[in-house]
Amino acid sequence: MLIRDAAVYGSAHTDIRCERGAITECGSDLRPTAGEEVIDAGGRWLVPGLHDHHLHIRSLAARARSVLVGPDRIRGAHALATRLREAALGEAGQGWIRAVDYHDDVAGAIDRWALDRMRVGRPVRVQHRSGALWILDSAACTLLDVDDCPLPGIERDAGGRATGRLWRMDTWLRDRLGTLPPDPSPISTAAAARGITGFTDATPDLTRPEVGTLAASVLDNRIVQRVHCMAEPDIEDPKVDRFRLGPTKILLDDTGLPDLEEFAGRLRRLHNAGRSAAVHCVTRVQLILTMAALDLAGVRPGDRIEHGAIIPDDVLDWLRRNDIPVVTQPHLLIERGEQYARDIPAGDRPDLWRLGSLLAAGVGVAAGTDAPFGDPDPWAVVRACLDRGPDRPGEALSPATALSLFFGSPARPHVPRTIATGHPADLTLLRVRPEEFTDVMKSTADCDAAPVSATIVAGRPVYRTGV
């Protein structure tokens, strides 16, 4: 394939030739060869293919068959009950009701008995927007034997009764349900239309079969992007083209933080096994503990901070010196603005979802959507970077800098890729010229549309329009 007359990101070249999945020639006035597919870019901006550095593919695919019960849609117990009952009337009135996006702003800290009072008529499981909690009604608890399960993630009241609230038990729940994984084709298709050429799946504790299923989806092209999958060190790489294993995800919760020496020991074992660590840090204490543990264990290239929701000013130098990037989700500051305004102490707000100050301090930054817990559209993330509020002008980024947060490779997410000979032919052709990009990103007239003309993975167009 030959792409001609493009404004190539970071280059004076205008033409790019792709063969066997790689960029084989960069220049100007390149001539097409016999049988070569030609894309005439017409001066539009050709950039490295966008890589979503943090999302959850299976959960995002399952969202399509879930009931959305977030505070942006409903408020109050009566509205929640109505929404669940309406869902129960569909699909021939059989099977589970799976609801997602719940937050306490809807109807408080609900439990099994609150769901029982709603009389849905089918087993119900509700996922909290944080991703840390599932709430089950009594019918669901009975089907899954929750009352007799001894695992510590099952919350119990003062009398020892299971409340139906399950903390960080996604793997256990998936195993008990035994449901088939949802088809990822629709999310792959939607992502291709948004210019995404790769995903890093950040789902914790994936089992060997789950990793195998994800790799199979890449193999049979139900997922057309590259997939970099976080996994435990005992999981072997399936050796599938466009699929690789990445760092090991480590979840931290303030209510059950590990001992420092224990945490450092786990990091050492990961590093000795050849794996880096991707540590979930959404609070100040989680970040400080991670820093202390890495100081003891040593830093391995590829170690990274996921989210970095709260980063104090005095740790910026440590992050820079250790070359540890922050993989952040800037759009959550907007999507959860009401919650943060109420729940985040005033003293923490300057440290909330940093952007410009991280880059100014020399800290590596990359972006992910955290879908389905955030909007899966990378362009919503880019637009969220442009305005961080009147009190934080230094945190805002230019549109081009914001977009570059998606240019990194899976192994070095904070280092934007270049378009050069020998590099993988993963490219995104925008429908605008570079000089038009800022105005398009700041415009509110077309804010729901992705400015993408073509998406190319391994030299093969997976999305095309208008070229």
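One can find the structure itself at the top, above this paragraph.
I will try to describe carefully the structure that is included in this document.

Cut-off values and rules
- Residues numbered from 1 in each chain as written.
- Predicted model: local features only at pLDDT ≥ 70, side-chain atom pairs only at ≥ 80, totals over all residues.
- Heavy atoms only, no water.
- Buried < 20%, exposed > 50% of the residue type's maximum accessible area, 1.4 Å probe, protein only.
- Helix = DSSP H or I, 4+ residues; strand = E, 2+ residues; numbered from the N terminus.
- Contact = heavy atoms within 4.5 Å.
- Phe/Tyr/Trp six-rings, centres within 6.5 Å; stacked < 30°, edge-to-face > 60°.
- Pairing = 2+ DSSP bridges.
- Axes fitted to C-alpha atoms, helices over the stretch in contact; angles between N-to-C directions.
- Parallel < 35°, antiparallel > 145°, perpendicular 65-115°, else oblique.
- Left-handed = near helix turned anticlockwise from the far one by under 90°.

1. Looking at helix α6 (residues 170-177)
For α6, the set of buried residues is T171, W172, L173, R174 and L177. Among the structural elements, α1 (57-63), β10 (124-128), β11 (133-136), β13 (162-167) and α8 (208-219) are those in contact with the buried residues of α6. Downstream of α6 by one or two residues, G178 has phi in the positive range, about 65 degrees.

2. Details of the environment of T189
When you line up the elements, T189 lands in helix α7 (residues 185-193). Between the C-alpha atoms of T189 and V462, which are 273 residues apart in sequence, the distance is 8.2 Å.

3. Structural notes on the environment of G394
When you line up the elements, G394 lands in the loop between α15 (378-384) and α16 (399-404). You can call G394 exposed: its relative accessible area is 55%. Between the C-alpha atoms of G394 and R354, which are 40 residues apart in sequence, the distance is 9.4 Å.

4. Brief notes about the packing of aromatic side chains
For the structure on display, the rule yields 4 aromatic pairs. Ring geometry for W45 versus F437: centroids 5.3 Å apart, planes at 70 degrees, classification edge-to-face. Of the two residues, W45 sits in strand β6 (residues 45-48) while F437 sits in helix α17 (residues 434-442), which places them 392 residues apart along the sequence. Take W45: its relative accessible area is 10%, and that puts it in the buried class.

5. A word on the pairing of β6
Pairing of strand β2 (residues 7-8) with β6 involves 2 bridges; the strand directions are parallel. Note that in β6 the partner of A7 across the bridge is W45. Examined bridge by bridge, β6 and strand β22 (residues 427-430) share 3 bridges and lie antiparallel to one another. Of the residues in β22, the one forming a bridge with L46 is L429.

6. Some remarks on the sheet that holds strand β7 (residues 50-55)
The strands making up a sheet associate through hydrogen bonds between their backbones, and the pairing can be parallel or antiparallel. In space, the 4 strands of this open sheet follow the order β7-β14-β15-β16, with parallel pairing throughout. Only two strands of the sheet have a single neighbouring strand rather than two, namely β7 and β16 (243-245). Pairwise comparison of adjacent strand axes, ignoring direction, gives a mean angle of 15 degrees for this sheet. Relative to strand β15 (residues 226-229), strand β14 (residues 196-201) is paired through 4 bridges, and the arrangement is parallel. Bridge pairing in β15 links G198 to R226. Packed on one face of the sheet, α8 meets β14, β15 and β16 and runs near 155 degrees to β16.

7. So, the sheet that holds strand β17 (residues 248-250)
In space, the 5 strands of this open sheet follow the order β17-β18-β19-β20-β21, with parallel pairing throughout. Bordering the open sheet on either side are β17 and β21 (365-367), each of which pairs with just one other strand. Strand-to-strand twist of the sheet, defined as the mean angle between neighbouring strand axes without regard to direction, takes the value 25 degrees. Relative to strand β18 (residues 277-281), β17 is paired through 3 bridges, and the arrangement is parallel. Pairing of T248 across the sheet is with A277, part of β18. Across the face of the sheet, helix α9 (residues 260-272) comes into contact with β17 and β18 while running at roughly 170 degrees to β17. Against the sheet, helix α10 (residues 284-297) makes contact with β18 and β19 (304-307), and its axis sits at roughly 150 degrees relative to β18, the strand it touches most.

8. Describing unusual backbone geometry
Leaving glycine aside, a negative phi is the common case for residues, and trans is the common case for peptide bonds. Here the residue pair A371 and P372 is connected by a cis peptide bond, since its omega of 10 degrees sits within 30 degrees of zero. The residue P372 is located in the loop between β21 and α15 in this model. The backbone of D5 sits at a positive phi, close to 55 degrees, despite the residue not being glycine. With respect to the helices, strands and loops of the structure, D5 is situated in the loop between β1 (2-4) and β2. The phi dihedral of D101 is positive, around 80 degrees, even though this residue is not glycine.

9. What about the packing of α9 against α10?
Packing of α9 against α10 brings their axes to within 8 Å, and their N-to-C directions diverge by 55 degrees. The angle between α9 and α10 falls in the class oblique. Here α9 and α10 pass one another in a crossing that is right-handed. Residues L260, E261, F263, A264, L267, R268 and H271 of α9 form the contact with α10, whose participating residues are L289, T290, A292, A293, L294, L296 and A297.

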